[in-house]
Amino acid sequence: MSKTDNSLETLLTQAGHFIDPQTGAVVPPIHPSTTYARDGRYELQGFEYSRDANPTGRRVEEVLAMLEGAEDALVFGSGLAGVSTFFETVRTGERVVAPRVMYHGAADWLRRLAERRGLEVTFFDATERAALERAVQANETAVVWIEPSVNPTWDVIDVRAASKAAHAAGAVLAVDATVTPAVTLRALDLGADIVFHSGTKYLAGHSDVTAGVLATRAVDARWEEIRHARTLMGGVLGPFESWLLLRGMRTLHVRYERQAANAMAIARHFEHHPRLEAVLYPGLESHSGHETAARQMEGGFGAMLSLLIAGNAEDAKRVATRTRLFVPATSLGGVESLIEHRATVEGPNSIVPANLLRISVGIERVDELIADLEQALA
Ligand SMILES: *Cc1c(COP(=O)(O)O)cnc(C)c1O
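Scoring rules and cut-offs
Residues numbered from 1 in each chain as written. Predicted model: local features only at pLDDT ≥ 70, side-chain atom pairs only at ≥ 80, totals over all residues. Heavy atoms only, no water. Helix = DSSP H or I, 4+ residues; strand = E, 2+ residues; numbered from the N terminus. Buried < 20%, exposed > 50% of the residue type's maximum accessible area, 1.4 Å probe, protein only. Pairing = 2+ DSSP bridges. Salt bridge = Lys/Arg side-chain N within 4 Å of Asp/Glu carboxyl O. Expected span 1.5 Å × (residues − 1). Contact = heavy atoms within 4.5 Å. Near = heavy atom within 4 Å. Polar contact = N/O pair within 3.5 Å; in protein donor to acceptor, adjacent residues only side chain to side chain. Areas by Shrake-Rupley, 256 points an atom, 1.4 Å probe, with all protein chains shown as cover.

A. Geometry of unusual backbone geometry. In the segment running from Asn151 into Pro152, the intervening peptide bond is cis, with an omega of 5°. Topologically, Pro152 is positioned in the loop between strand E4 (143-146) and helix H6 (159-168). The backbone phi angle of Ser331 is positive, close to 85°, even though this residue is not glycine. As for its placement among the helices and strands, Ser331 is situated in the loop between helix H11 (313-322) and strand E10 (338-341).

Here's what the structure looks like:
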């Protein structure tokens with residue numbers, strides 16, 4: 001894997017300084033072929049069959065590895081395909097430690113897996129400083145899975161402290177950095193062994209491709225198992241989606257900077273709003289995780305925030321139906337701003353507060369976004 005001496009911004013913009021050796025094209029070609037011919041000595045020439053890997057996917061994996069400072073990266077057909085492939089490497093009887101409030105799809109999957117495969121899962125309270133360390137020490141732990149900023153309350157987990165606790169117990173630290181991409185938080189540098197992204201979100205950035213990413217500090221036995229599991233479970237990302245992901249990543253740094261600036265302005269504007277109980281955003285000094293976030297998020301506090309409406313679930317949902325610019329839809333990380341009543345989306349087992357509205361801030365004009373929320377709350 002080639003290294004880069006340039007900044008992440010330059011790396012991303014030029015997609016790893018790609019120039020096609022055959023044509024001079026500055027945009028990588030899409031290789032839709034499912035199968036690859038052997039040479040005159042009947043040797044493979046780098047690729048064999050598209051369920052293992054394809055050249056377009058390999059290109060985006062190389063850029064992702066450079067972006068993360070990883071030894072290698074793999075792309076998957078969705079974020080959850082990456083999550084489930086990663087957890088294939090955890091054996092029956094082994095323990096996973098994860099935050100109680102986290103991305104509900106991954107938590108849901110972990111609970112089902114725990115039952116069927118006989119895994120032990122310990123959920124800890126991310127609002128409590130020592131809870132992770134206690135959970136890891138209480139029992140032998142194989143994997144610690146965290147989000148630096150948990151979805152959708154945005155409580156902050158100290159990645160460096162999590163890494164120390166995990167490694168002291170002989171566990172692997174995996175970080176779901178979907179809402180904190182490497183342009184702000186460098187998970188591997190902070191001590192993670194594996195970093196995960198739903199590429200569907202900020203990396204692709206335009207709400208038009210579903211993708212997942214795993215990147216590793218070291219190509220070790222676990223990583224080889226993950227690579228093998230991707231081939232056997234069939235969760236590889238297709239060539240066209242790989243191409244879209246790389247195309248989106250070229251503007252990640254610009255989008256993220258604007259989105260984070262917009263989110264900060266919105267959080268500050270609504271912090272003491274009479275129709276709100278609270279604004280949950282790590283960029284606010286009043287947020288319990290602000291100091292940790294300031295230490296580990298070098299490129300801004302991100303663009304995800306939640307509003308606790310002064311009222312009940314119905315009041316919150318009413319606000320989400322009155323916005324004219326914020327689109328009432330799930331997902332996050334696209335250029336357009338979204339608002340959602342998270343408890344409805346997560347379903348009857350949700351532990352998210354009933355009055356919580358999750359907001360993914362886009363790159364629109366921030367004064368117009370603020371005016372839209374003002375009229376929806378009025
Ligand atoms: C969306 C998301 C996922 C799952 O990714 P998909 O691409 O939807 O499968 C995992 N973690 C977080 C934090 C997410 O936002």
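We are not done yet, so read on.
B. Broad picture of the pairing of strand E11 (residues 356-360). Most of E11 sits out of view: 5 of its 5 residues are buried. Residues Leu356, Arg358 and Ser360 of E11 are buried on one face, and the alternating residues Leu357 and Ile359, pointing to the opposite face, are buried as well. Here 5 bridges tie strand E9 (residues 304-309) to E11, and the two strands are oriented antiparallel to one another. Residue pairing for E11: Leu305 is matched across the bridge by Ile359. Examined bridge by bridge, E10 and E11 share 4 bridges and lie antiparallel to one another. Across the sheet, the residue bridging to Ile339 is Ile359, located in E11.

C. The arrangement of the pattern of salt bridges in detail. Counted according to the given criterion, the structure contains 23 salt bridges. In this structure, Arg227 engages Glu224 in a salt bridge whose closest nitrogen and oxygen atoms are separated by 3.2 Å. Here the residue Arg227 and the residue Glu224 both occupy positions in helix H7 (residues 221-233), the gap between them amounting to 3 residues, near one helical turn. A residue is classified by how much of its surface remains accessible, and Glu224, at 38% relative accessible area, is partly exposed. A salt bridge links Glu340 to Arg358; the shortest N-O distance between them is 2.9 Å. Of this pair, Glu340 sits in strand E10 while Arg358 sits in strand E11, and the two are 18 residues apart along the sequence. For the pair formed by Glu340 and Arg358, the shared burial category is buried. Three or more residues joined by partner-sharing salt bridges are found here, namely Arg58, Glu61, Asp72, Glu224, Arg227 and Arg230.

D. Structural view of helix H9 (residues 252-270). Taking 1.5 Å per residue, 19 residues should reach 27 Å; H9 reaches 27 Å between its end C-alpha atoms and fits that length. Of the residues making up H9, those classed as buried are Leu252, His253, Arg255, Tyr256, Gln259, Ala260, Asn262, Ala263, Met264, Ile266, Ala267 and Phe270. Its buried side turned inward, H9 meets helix H1 (8-13), helix H2 (55-68), helix H8 (239-249), strand E8 (276-280), E9 and helix H13 (366-377).

E. Region of interest: the site of the ligand. Residues in contact with the ligand amount to 13 residues; listed here are only the nearest, Leu80, Asp176, Ser198, Thr200 and Lys201. In the model, an oxygen atom of the ligand is placed 2.9 Å from a nitrogen or oxygen of the Gly79 main chain. In the environment of the ligand, a nitrogen atom lies 2.7 Å from a nitrogen or oxygen atom belonging to the side chain of Asp176. Out of a free accessible area of 380 Å², the ligand has 91% covered by protein chains. Mapped onto the shell around the ligand, the elements with two or more residues apiece are helix H3 (79-87) and strand E6 (194-198).

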